[in-house]
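Summary of the model geometry
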Amino acid sequence: SRLGSKVLVFFLFFFPPPEVVPPIGALTTARGARGRGECRGSMSGLSVALFLPRQLFKLGLIAVQLVALAWFLYAAYDIRLYPIKEFGYIIHEFDPWFNYRATEYLAEHGLSKFFKWYD
């Protein structure tokens, strides 16, 4: 099917197959007519058989990391909005405009009226 071939192309693009590199002891040299050496070797059947499970494991790790990231982002968003959910849309001590007005009131009316002032 077309979807299957697209998935396979996507999978092979991001997770290319391992290079066909023989193990260190598996190299043999065959001399040609001019004396040049050719290296021959083969990849073990176990590494070929484990290619797909390794790639699926990597894909699973990436998926787990993305789910954890999404969960952390949601938790950060939810923690930030907790005061709004709990107390409504009233900005309390973090409002710079309120701090400016409170300082202005303190300067104009004095300390005793400031502590009795209700905004």
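Residues numbered from 1 in each chain as written. Predicted model: local features only at pLDDT ≥ 70, side-chain atom pairs only at ≥ 80, totals over all residues. Heavy atoms only, no water.

With that out of the way, let us pick up helix H3 (residues 51–87). Taking 1.5 Å as the rise per residue, H3 with 37 residues should run 54 Å; its terminal C-alpha atoms sit 55 Å apart, in good agreement. Taken as a whole, H3 carries its principal kink of about 45 degrees at Leu81; the proline Pro83 stands between one and four residues after it. (Helix = DSSP H or I, 4+ residues; strand = E, 2+ residues; numbered from the N terminus. Expected span 1.5 Å × (residues − 1). Bend = angle between axes of the 7 residues up to and from the residue.)

Next up on the list: helix H4 (residues 96–109). For H4, which comprises 14 residues, the first-to-last C-alpha distance of 20 Å matches the rise-based estimate of 20 Å (1.5 Å per residue) to within 8%. Taken from the residues just after H4, Gly110 is the one with a positive phi, measuring 95 degrees.

As enumerated under the stated definition, the model contains four aromatic pairs in all. When the ring of Phe114 is compared with that of Trp117, the centres are 6.1 Å apart and the planes differ by 35 degrees; the resulting orientation is tilted. Overall, Phe114 belongs to the partly exposed group, its relative accessible area being 23%. By way of ring pairs, the aromatic residues Tyr105, Phe114, Phe115 and Trp117 are connected into one cluster. (Phe/Tyr/Trp six-rings, centres within 6.5 Å; stacked < 30°, edge-to-face > 60°. Buried < 20%, exposed > 50% of the residue type's maximum accessible area, 1.4 Å probe, protein only.)

The subject of this paragraph is the confidence of the model for the protein chain. The share of residues in the protein chain with pLDDT of 70 or more is 66%, and the mean pLDDT across the chain is 75. Across residues 30–38, confidence stays below pLDDT 50; counting only partners more than four residues off in sequence or on other chains, it has nine contacts. (pLDDT = per-residue confidence, 0-100. Contact = heavy atoms within 4.5 Å.)

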